[in-house]
Every structure is written in structure tokens, then in C-alpha cells.
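# Results of the structural survey
The chain contents come next:
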Amino acid sequence: MRHFEKEHRHDNLSRERVRATGPVIVTLATAWGPKFGGINSFNAEIVKSLGILPTRNYELICIVPGPTTQKLQEDLQLRFHIQLVSLEGEEGTFAKGSASEILKRLDVTSAPHRFIWIGHDDKSGPLSLELKSLVTGSHAILINHMAHSAYQSVKKGSSLSAAEKRQRQLDLFSKADLCLTVGPMLRSHLQDLFACVPKSPPVEMLVPGLADPTEYGVEIRDSAPENFVAFMAGR
């Protein structure tokens, strides 16, 4: 029965692609929603925003390695026009061979040039680049979430760790067709990273907004609290 359900979902993906005329945007996240940190939370919000854009002319798919519920998949499809695809593996990381599994699920042979793979920094960026290399004519977009050179040496107590991670990012982002950064600081850091690269991909900045608190079961008060408490967090 489970095999039948998988095949049925694959058929639905193929039929949806026939109806779509624009690009097929595929985002790669280690989980759906805020699980495992802010990168996945950011992914969920940007994908939902793309899903409700009135002028959209693209198919929207988010791939995660771990299992999801049918209720969540149906809800995202109904409310945000997102096809959530699970590889039925372990949560938190894409296993070796994930690229081959993804290509089996999506049937890219009919229109390979329409696929855009979106990866998040060094978490799913390598997988998006691998998919680009396997699908001729497709494109890879990498989103920059971290400036390792700004804090890694303090965090790890080793400048060597910062240098290695910086070089890793340079190797990844220089292979993308387009680089996106979250905010102005990361944009300047990535531009500095490309400063000595003869030919680098374009860099554009994303300005994230505030998430809808009701999505997470938080209701907005009608009046201000008697005792105001502020919480700030970040790197």
C-alpha cells in the first residue's frame, strides 16, 4: 500500500508539471519549518511566500530528507501551492545518493531546462550543485546564511577553522548561477569573498519579513501587556 501511495504521488507530480508553463523551483531543506534551526525556518517562510505570489507562473516543490505527514503535505498544497516531497530517510541531513532519489521522484527528463535547484549555504548547497551537474540545462541558486569569517574563529577558538569554512563557501558559491544573501551584512561578506575571483556569479540581497505568528499558534493581543518584556537573540 505504501508503494502504491508513493507511485500515486509521483504521478501527481508529473501531471502537475504538464499543467505548469514556467520554471520548476525546487528548494532543498533538511526539514520543514523551524526544526534544526533558522535556515529551515527561513526556507519555509520564503517558499510559502513564493506559493501565494499572485503573479506566480512556476511550480513549487520543497524536498526534505525525513518523513512528513500526509496532512501537512495536503495543507501546504491547498494553502500555498507547495508540493512537499519526502525522501523517507533520516531527518536533519541528506544522505549519500539523495540526488539520484530526487531525480527518480521528479522525472526531469521532459523539461530539464525548467528546473531551478535552491540550496541553503553549506547545508543543502552541495546537493543543489550536484543536481545541476546531473540535469543538463538546469540552474542552481545558493542562499548565503552564514559569514564564517565573522565569528567562526571566536566560536571554535581556531582561525584555521574559519579559513577552511570560508574556502568551503567560496568553492560552493562560485559554482552557483545566482547567489542570494539574507540581509546587507551577508551581502557585503559574500561580495568580499568574491573580491579576488575573476568571474563570479551575481549576488542579490533578500530582505526577510516577519512570519505570521498565528502560523505557530501565537495570537496577537488587542492591548499591550502591563509588564513589557523584550527578547533578542542572534550571532
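Everything below is about the structure printed above this text.
Description of the structure in this document. (Residues numbered from 1 in each chain as written. Predicted model: local features only at pLDDT ≥ 70, side-chain atom pairs only at ≥ 80, totals over all residues. Heavy atoms only, no water.)

Turning next to the overall build of the protein chain. When you go through the protein chain residue by residue, the secondary structure sums to eight helices and seven strands. Looking at the protein chain residue by residue over its 235 residues, the buried ones come to 40%. Pairs at least 24 residues apart make up 62% of the contacts formed inside the protein chain by residues separated by at least 6 positions. Surface accessibility of the protein chain: about 13,800 Å² in total, with carbon and sulfur atoms responsible for 56%. (Helix = DSSP H or I, 4+ residues; strand = E, 2+ residues; numbered from the N terminus. Buried < 20%, exposed > 50% of the residue type's maximum accessible area, 1.4 Å probe, protein only. Contact = heavy atoms within 4.5 Å. Areas by Shrake-Rupley, 256 points an atom, 1.4 Å probe, with all protein chains shown as cover.)

Spatially, the seven strands line up as an open sheet ordered β3-β2-β1-β4-β5-β6-β7, and their pairing is parallel. Each end of this open sheet is capped by a strand with a single partner; those strands are β3 (83–86) and β7 (203–206). Across this sheet, the average inter-strand angle for adjacent strands is 25 degrees, counted without regard to direction. Along the sheet, helix α4 (residues 98–106) contacts β1 (24–28), β2 (59–64), β3 and β4 (115–120); its crossing angle with β4, the most-contacted strand, is approximately 140 degrees. (Pairing = 2+ DSSP bridges. Axes fitted to C-alpha atoms, helices over the stretch in contact; angles between N-to-C directions.)

Quick look at helix α2 (residues 38–51) now. With 14 residues, α2 should cover 20 Å at 1.5 Å per step; its first-to-last C-alpha distance of 20 Å lies within 8% of that length. Taken residue by residue, α2 has I39, N40, F42, N43, A44, E45, V47, K48 and G51 as its buried positions. (Expected span 1.5 Å × (residues − 1).)

We now examine the packing of aromatic side chains. The final tally for this structure, using the stated rule, is one aromatic pair. Aromatic pair F115 and W117: ring centres 5.4 Å apart, planes at 20 degrees, arrangement stacked. For F115, a relative accessible area of 0% gives the class buried. (Phe/Tyr/Trp six-rings, centres within 6.5 Å; stacked < 30°, edge-to-face > 60°.)

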